[in-house]
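Structural characterization, general
The lines below spell out each chain.
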Amino acid sequence: MGIALSVLRRFHGGVHPPENKAISAGAAIEVMPLAKRLFVPLHQHFGAPCEAVVQTGEKVLKGQILGQPQGFVSSPVHAPTSGTVVSLEEFPVHHPSGLPMLCAILEPDGEDRWLPGLKGLEDPEKAEPAAIRRLIQDAGIVGLGGATFPSFIKMSPPKGKVAELLLINGVECEPYLTCDARLMEERAGGIVEGIRIMLRALQTGECVIGIEDNKPAAVKAMEVAAKADGGRIRVVRLPVMYPQGSEKQLIEVVTGRQVPSGGLPVDVGVIVHNVGTALAIRDAVREGKPLISRVVTVSGRGIQRPANLEVRIGTPVQDLVDHCGGLKPGVVKLVSGGPMMGVAIHTTRAPVVKGTSGILALLAEEVPASREQGCIRCGHCLQACPMSLMPNEMAWLARHELLDKLAEHDLFDCIECGSCSYVCPASIPLVQYFRFGKFAIRNRDQEKKKQEISRARTLAKEARVAREQEEKERKKAEMKAGMAAKKKAQVEQVPDPSAVPSVSATAPAGEAKSASVAAVPGGDDKAERAARAAKSAAAAKAAKAAKAARQAKDAE
Amino acid sequence: MNQEKWVVGTSPHVHSGDSVPQVMQTVIWALMPAAVLSVLVFGWAALLVMIVTTLSAVLTEEVVTRMRGRSSAIGDRSAALTGLLLAMTLPPHTPWWVCVVGGAFAILIGKHLYGGLGHNPFNPALISRVFLLISFPVEMTYWPHPTPLFGDSGLSLSQAFGVIFGGHYPPGMLVDAITGATPLGQYRIEVGLGKSVQEALGGSYGFDYFKATGGMIGGSLGETSAVLLLLGGFYMMYRRLFTWHVPVSMLVGCLAPATIFYLVNPDHYPDPFFHLVTGGLILGAFFMATDMVTSPVTARGQLIFGACCGLLTYIIRTWGGYPEGVSFAIVIMNSAVPLIDQFTRPTVYGKAKNSKK
Amino acid sequence: MIEAVLSVSGLALVAGLGLGFAARKFQIEANPIVDKLEQSLPSANCGNCGFPGCRPYADAMASGGAPINLCPPGGKATMEALAAILGVSPVAMEEEEGPKVAFVVEENCIGCTACIKACPVDAIIGANKQSHTVVTDICIGCKACVEPCPVDCIEMRLVPKTLYSWSWAKPGGEHATLH
């Protein structure tokens, strides 16, 4: 049989935050009407940002590429509807910094017209894996669980590695979020279709869908759909525990194997995809449709009408909030994603992107604020850490910026799940300490690299200057010798009519420029250019004079 | 849309709601049944000892935090807990000045000298008890018989005031008549004189397991009821303040050698149950060794720490210079905690040698 | 009495001779700390510190004269490295607004290549009589190009803060100031 265990393992640590799924679990997925304006960021995935391939004022069709991927780990961005690109500008997005990102701002024409020629594979289950992967890549599909890693890369195991098990992640361990649960309940058939395509692309026959047992309806629906497929796909119920939906933890629970530190799931023969991704892959491969919408849970005790919405990428958060009846009074925090790993929203103008799984409006009672106190060494963070790290020591090291030690203490194995911060009685922002530490180490290394490059460039320049100098000297000497010989020859004939201009003599730069530009022969705009050159020469002269005057003044 | 004023903290955005004061308060609640019982068993004097010690600790905390330019830390209740824990290790008739010195020492020397809560290497209550035991051996080994609060033989409230604050007993009350050795002390003295365990504890001393389990024996305030202390310990484990590792390994560390020696020579070594219900083993295992600040954070480290605490306790009780060794054992092991933590680091996910298949 | 005096004197003599011998035998010509300091500097020899180059600056620091915060191209990281080598506490950099890089105001540039010649890391591109441009990623912000420009068209501008250059801040808790 395959590598999935019949008896589940337990991963170390974990926490049990209040689930709060009931708020939106009952709301069926509704399709949100098209927004007045869409703000499509050109970097919605893990990897390199896209480059814009449309211009301001250009008319685009639904599914047309707006941003072309740069490099291998990247993913294209498509127009979510047909309309006009009114602007390409920096616009607020969901990012912890609150800084803006380059977005294509699209004004829909209301026709919602597809780009002609988009089409999928007739019979994907007989298609070449490479063809499937190509469609997934072109459709801009990324991990919809929130990590937004380009899916086609996961679908192509590196040489020498075999994908034995396709693990479909329906865990949705983050509190509040219900979008995956609703997808499984309502579109189980589509998910299974997507799974079949992925099994074909991965050339494997084993598939497990992991679902936490607080979603009985989803389990039921998936079981029915899996049975209809015939035995290949197994649905397993998992006991509720955060962060079970984390790739590494889920793999350990289902297979008993641990992904090696710094490695990939495929190193232990597993490929993990989210249920939403499976559905997106189905649409891409069957119908050739790029990823232009996703299901978003709008929840929290501060929203009037909790919902699960199918939203076009680029729709501003404010539109979602308005569609759900607005905010209740007393909302202090808006979160994009789940409450454990999501990003606090700076402004509701920021748009929904591929990785947005939820928009949570949280009241003060849901997000208790407390001041950081000293560590009392209770060890609860160690008990909670799913990676078996020592968060208490790491935080101490980060606070004192002992970066080398910090890296030694396995900082880069931290998955930032937030379990340690969640349980800490002293309210120490452990995760932020670790993020700070990771960035500090990265910055330091970059700085070092930059310095090395500068050093190398300095040395190269010095060498070049020396070489050029040598060259010059040599040429000068040669010329002198040549001239002397010539003179000798000339002296015997005619006296020299004019002095040979000295090599070292240089005309003032400004005049030289004007002279050279003025001397440009022919051309329709000759006069204009001459005028401009004269002007620039005058300006340069004036600036130079000013500088000389200033220097004289300084000298006084 | 104009200025939006959202809170934009870092994730996670939710919190368990646990806090330091809550942790401390839970321990105080867990200690309450045993504290109440000790007042019932030893009378008003016990209550006065608790109040004076706790007040001393809390006032010292307030003064020291002010001197250090910090905001008041009384609210976190750790000082109150330290005072109460210290009181539980004191004899029922401890003079007021010993209580005051003890409470102040625990907070000032035991905690703030090292940098305050979270930085002290030793359990403040225990380091203070050790200090008092060495400095004032007479006052600290003065063990009155249980004199129930609502009994005829006990002291009245005003008499208790006289004992604690004046150091004088009511006329007609003979000091020798109301005090005696603790079971552990009795065992060490008499067995040291060549008697067997049965002779030492039986006969006129009349050691009774039932009374000992219920707490009706001489000793410190907290050396009384094994049952109620266990109850408090289980409550704290239920509230997830600590795991089973430290208390269980400490009990095993002490009782396993006790069992072996008892089986080898029951005349010379008392049975393990005696070790369990007398002295401060349970108080130590559940309330002292589990102190978060001064015990290891890793599960394996906690097992080593607890087992060593238990073993040292047994060694001191059986062969050491003092009849009771719990506080010494824990304080000694406290000093080894940083080392234990370093050598018992957990294996990080994905870094086990056999993780790659 | 006399034995004690003699033996102590003898010991002192032996130790003194040993030390003298060791001092000669293991003598190190250069001050090793200067090398270490120079290694930590960007070695652009830009002269921003007021010394003729990185080596002279390192010399000046090693002999105790110069402060450690004079190297703008190195920035805070270099200052901290210097502090660690010299065993002194870090001091604030003079520029607190953030790192700056050179920027050529192209409409004023006359293409004289003076700045190109001045740049220690070849971060300015452009040919004779054509407007020049600074490659921001390579520029170390040493300002060596500012002075040579005959028309003052080079400005030092703050490196723009973007999503990609942004970093998580250290949490400012109670303990941030402790220890």
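I will try to describe carefully the structure that is included in this document.

**Concerning the environment of Glu190(B)**
All names here are of chain B. Within the fold, Glu190 resides in helix α9 (residues 183-192). Along the chain, Glu190 and Ala200 lie ten residues apart, while their C-alpha atoms are 5.4 Å from each other. With residues up to four places along the chain from it excluded, the contact list for Glu190 reads Lys195 and Ala200.

**Structural notes on the sheet that holds strand β4 (residues 59-60) of chain A**
What holds strands together in a sheet is hydrogen bonding between their backbones, with the strands either parallel or antiparallel. All names here are of chain A. Pairing in this open sheet of four strands is antiparallel, and the strands run β2-β8-β7-β4 from one edge to the other. Both edges of this open sheet fall to β2 (38-41) and β4, since each of them pairs with a single strand only. Relative to strand β7 (residues 83-92), β4 is paired through two bridges, and the arrangement is antiparallel. Residue pairing for β7: Val60 is matched across the bridge by Gly83.

**Description of a nonpolar patch on the surface**
Residues and elements named next belong to chain B. On the surface, Trp96, Trp97, Val100, Val101, Leu157, Phe161 and Phe165 cluster together into a nonpolar patch covering about 560 Å² of accessible area. When residues of the nonpolar patch are traced back to their parent elements, those giving at least two are α4 (96-108) and α7 (157-166). Looking at the element boundaries, Leu157 is found in helix α7. Since its relative accessible area comes to 39%, Leu157 is described here as partly exposed.

**Considering the sheet that holds strand β9 (residues 165-170) of chain A**
Residue and element names in this part refer to chain A. Spatially, the four strands line up as an open sheet ordered β11-β10-β9-β12, and their pairing is parallel. Each having just a single partner strand, β11 (233-238) and β12 (270-274) make up the two edges of the open sheet. The sheet shows a mean angle of 25° between the axes of neighbouring strands, taken without regard to direction. Of the strand pairs in this sheet, β9 and strand β10 (residues 206-212) are connected by six bridges, and their pairing is parallel. Each bridged residue has a counterpart across the sheet, and for Leu165 the counterpart in β10 is Glu206. Taken strand by strand, helix α5 (residues 188-202) contacts β9, β10, β11 and β12, and its axis lies near 150° from that of β9. Contacts between helix α8 (residues 275-287) and the sheet are confined to β9 and β12, with β12 contributing the most and set at about 85° to the helix.

**Observations concerning the interface of chain B and chain A**
If you look at the interface, chain B gives 43 residues, while chain A gives 62 residues. Regarding the contact of chain B and chain A, the summed buried area is about 4500 Å², with carbon and sulfur atoms giving 57% of it. The largest share of the area that chain B buries against chain A comes from Trp6(B), His13(B) and Tyr349(B), three residues that together contribute 20% of it. A salt bridge links Arg377(A) to Asp341(B), with the shortest nitrogen-to-oxygen separation between them at 3.1 Å. Taken together, chain B and chain A are joined by 27 residue pairs in polar contact (both at pLDDT 80 or more). Take the side of chain B that touches chain A: its biggest share by element is three residues, from helix α18 (residues 337-343) of chain B. Across the side of chain B that touches chain A, the residue classes break down as 18 nonpolar, 16 polar and nine charged.

Scoring rules and cut-offs
- Residues numbered from 1 in each chain as written.
- Chains lettered and ligands numbered in written order.
- Predicted model: local features only at pLDDT ≥ 70, side-chain atom pairs only at ≥ 80, totals over all residues.
- Heavy atoms only, no water.
- Helix = DSSP H or I, 4+ residues; strand = E, 2+ residues; numbered from the N terminus.
- Contact = heavy atoms within 4.5 Å.
- Pairing = 2+ DSSP bridges.
- Patch = residues over 30% accessible without salt bridge, like charges linked within 9 Å, V, L, I, M, F, W, Y side chains within 5 Å.
- Areas by Shrake-Rupley, 256 points an atom, 1.4 Å probe, with all protein chains shown as cover.
- Salt bridge = Lys/Arg side-chain N within 4 Å of Asp/Glu carboxyl O.
- Buried < 20%, exposed > 50% of the residue type's maximum accessible area, 1.4 Å probe, protein only.
- Axes fitted to C-alpha atoms, helices over the stretch in contact; angles between N-to-C directions.
- Buried area = accessible area lost by both parts, 1.4 Å probe.
- Polar contact = N/O pair within 3.5 Å; in protein donor to acceptor, adjacent residues only side chain to side chain.
- Nonpolar A, V, L, I, M, F, W, Y, C, P; charged D, E, K, R; others polar.

By themselves, these figures tell us nothing about what the structure is for.
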